[in-house]
Amino acid sequence: YVPSAIGMAFARLTGGSIIDMYILGRVFNLIAYGILICIALKILPYKKNVFYVLFLMPMMIVLAGTYSIDGMCMGLVSIFIAYCLKVYNTSDTIKLKQVGILSLLFVLMLLAKSMAYIFVALIVLMLPLKKTIKKNKKYIPIMIIACLIILVIFGLLFLNIRNNRLGADTRWGGNINPEEQIQFILHNPLADIQIAINHFKDTLLSFNWYSMLHYEIFFAQDAKCVMLALMFFILYVSILDDEHNFKLKDKIIMILSFIVVWGITSAPLYITITEVGSLHIGGYQARYIMPILPLVLMCVSSNRLKSKENKNRN
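Quick notes on the rules
Residues numbered from 1 in each chain as written. Predicted model: local features only at pLDDT ≥ 70, side-chain atom pairs only at ≥ 80, totals over all residues. Heavy atoms only, no water. Helix = DSSP H or I, 4+ residues; strand = E, 2+ residues; numbered from the N terminus. Buried < 20%, exposed > 50% of the residue type's maximum accessible area, 1.4 Å probe, protein only. Contact = heavy atoms within 4.5 Å. Lys, Arg positive; Asp, Glu negative; His and termini not counted. Charge placed at Lys NZ, Arg CZ, Asp CG, Glu CD. Core = buried A, V, L, I, M, F, W, Y, C linked by side-chain atoms within 4.5 Å. Patch = residues over 30% accessible without salt bridge, like charges linked within 9 Å, V, L, I, M, F, W, Y side chains within 5 Å. Areas by Shrake-Rupley, 256 points an atom, 1.4 Å probe, with all protein chains shown as cover. Salt bridge = Lys/Arg side-chain N within 4 Å of Asp/Glu carboxyl O. pLDDT = per-residue confidence, 0-100. Polar contact = N/O pair within 3.5 Å; in protein donor to acceptor, adjacent residues only side chain to side chain. Axes fitted to C-alpha atoms, helices over the stretch in contact; angles between N-to-C directions. Parallel < 35°, antiparallel > 145°, perpendicular 65-115°, else oblique. Left-handed = near helix turned anticlockwise from the far one by under 90°. Nonpolar A, V, L, I, M, F, W, Y, C, P; charged D, E, K, R; others polar. Disulfide = S-S within 2.5 Å. Phe/Tyr/Trp six-rings, centres within 6.5 Å; stacked < 30°, edge-to-face > 60°.

What follows is about the overall build of the protein. On a plain count of helices and strands, the protein comes out with 15 helices and zero strands. If one aligns the C-alpha atoms of the protein with their principal axes, the spans along those axes are about 55 × 50 × 50 Å. When each of the 314 residues of the protein is scored for burial, the buried share is 42%. When contacts within the protein are restricted to residue pairs at least 6 apart in sequence, long-range pairs at least 24 apart make up 75% of them. Counting 29 positive and 16 negative side-chain charges, the protein places the centres of these two groups 15 Å from one another.

The next point concerns the nonpolar core. Leu-54, Phe-80, Ile-81, Tyr-117, Val-120, Ile-289 and Met-298 are the most contacted members of the largest nonpolar core, which has 80 residues in total. When residues in this core are grouped by element, the largest group, 14 residues, is from helix 5 (residues 70–90). Contacts of Ile-289, omitting those with residues within four sequence positions, involve Trp-209, Tyr-210, Phe-258, Trp-262 and Tyr-284.

Below, the discussion takes up a nonpolar patch on the surface. A contiguous nonpolar patch, built from Ile-18, Ile-19, Tyr-22, Ile-23, Val-27, Ile-31, Ile-35 and Ile-39 and spanning about 740 Å² of accessible area, is present on the exposed surface. By the element assignment, Ile-23 lies in helix 2 (residues 18–43). Residue class for Ile-23 comes out partly exposed when judged on its relative accessible area of 43%.

Glancing now at the confidence of the model for the protein. Confidence in the prediction of the protein, expressed as mean pLDDT, is 89, and 90% of residues score 70 or more. The secondary-structure element of the protein with the lowest mean pLDDT is helix 8 (residues 140–165), recorded at 68, while helix 2 shows the highest, at 97.

Our next topic: the pattern of salt bridges. What the rule picks out here adds up to three salt bridges. In this structure, Lys-47 and Asp-242 form a salt bridge, with 3.3 Å as the shortest nitrogen-oxygen distance. Note that Lys-47 is positioned in the loop between helix 2 and helix 3 (48–55) and Asp-242 in the loop between helix 13 (223–240) and helix 14 (248–272), a separation of 195 residues in sequence. In this structure Lys-47 comes out as buried when scored by relative accessible area, which is 0%.

Moving on to the side chain of Thr-66. As for its position among the elements, Thr-66 is in the loop between helix 4 (58–64) and helix 5. Within the local environment of Thr-66, its side chain forms a polar contact with the backbone oxygen of Leu-63, the two atoms lying 2.8 Å apart.

What follows concerns the packing of helix 5 against helix 6 (residues 96–110). At a minimum axis separation of 8 Å, helix 5 and helix 6 run at an interaxial angle of 160°. As summarised for this structure, helix 5 and helix 6 are arranged roughly antiparallel, according to the angle between their axes. In the packing of helix 5 onto helix 6, the handedness of the crossing is left-handed. Where helix 5 abuts helix 6, its residues Leu-76, Val-77, Ile-79, Phe-80, Tyr-83, Cys-84 and Val-87 lie against Gln-98, Ile-101, Leu-102, Leu-105, Phe-106, Leu-108 and Met-109. Looking at the contact of helix 5 with helix 6, its residues break down into 13 nonpolar, one polar and no charged.

Once that is clear, we can look at the state of the cysteines. Tallying each qualifying case throughout the model produces zero disulfides. The cysteine Cys-73 is free of any disulfide, with Cys-84 supplying the nearest cysteine sulfur at 16 Å. The closest cysteine sulfur to the non-disulfide-bonded Cys-84 is located on Cys-299, 14 Å from its own sulfur.

Turning next to the packing of aromatic side chains. Counted under the stated rule, the structure contains 12 aromatic pairs. Ring centres of Tyr-22 and Tyr-67 lie 5.7 Å apart, and the angle between their planes is 45°; this geometry places the pair in the tilted category. Of this pair, Tyr-22 sits in helix 2 while Tyr-67 sits in the loop between helix 4 and helix 5, and the two are 45 residues apart along the sequence. Residue Tyr-22 is classed as partly exposed on the basis of its relative accessible area, which comes to 43%. With relative accessibility at 28%, the residue Tyr-67 sits in the partly exposed group. Each residue in the set Trp-209, Tyr-210, Tyr-284 and Tyr-288 is aromatic and connected to the rest through ring pairs, giving one cluster.

Not every positive phi belongs to a glycine, and Lys-47 is a case in point at roughly 60°. With a phi angle near 70°, Ala-220 is a residue other than glycine that sits in the positive phi range. Tracing the chain through its elements places Ala-220 in the loop between helix 12 (216–219) and helix 13. Given a relative accessible area of 46%, Ala-220 falls into the partly exposed group.

So, in structure tokens, the structure goes:
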């Protein structure tokens, strides 16, 4: 919320009214979003059009121009993904400077929604890790110690967040009790599988759920019709974006990263706002997948789907 706070402070220092502070907080949030997406697009070596259409979706502009943290979240996660793709595209091995930049961007990404997108970092597996380790064998003990320290730190942070924020959200009504819900999950493995299947159907296989990316509240009664056209357009751009196609192994890593983050961001909602024993997860909004949607869309392109006659498609 730093950009919003700067905007409000600027309005106050220049003698603005409470309305000026309210509006400038939103404007600065939008400006920050614009800066972040410009940085991401500058870093990206390819697949820029996939990111363009997502960054400029009406819903993302609305969220970025409010006090929602989603704009900052989208920007920070996209910059991390973009830099990983840049290293993937240009380097045979990972240099120390690149490790430092990746680490810094990773920490910034963790600021987005209390480490909810931490497993986006799985795309690091696309990078030349084996070659880097072989080239720096003497540093392996140091790397292992550093990794263990990092794991301990993140473990402590996770426990701290869980202990401070794992409370029932009573706004949703019903029998909501995080402790009882956790016990239900632990003692009913078959129910856990059913919950996962139902959640997959309720979200990733549901057009009504995707239509929340062009929500009626903001875009009036024809919002779903527009969203259908928008989905076809996004798919079209993803298929024909550019000539680069990822290897099968890399596509698997990106899709796995998407699925893991989708699951991790769903679990807290089941524990904190869903009625105990329910086989469906409540409150999971489509906007939560926006930062990780490029991971799936970049995997869509294939030489079989492209035509040499389409070079002027833009």
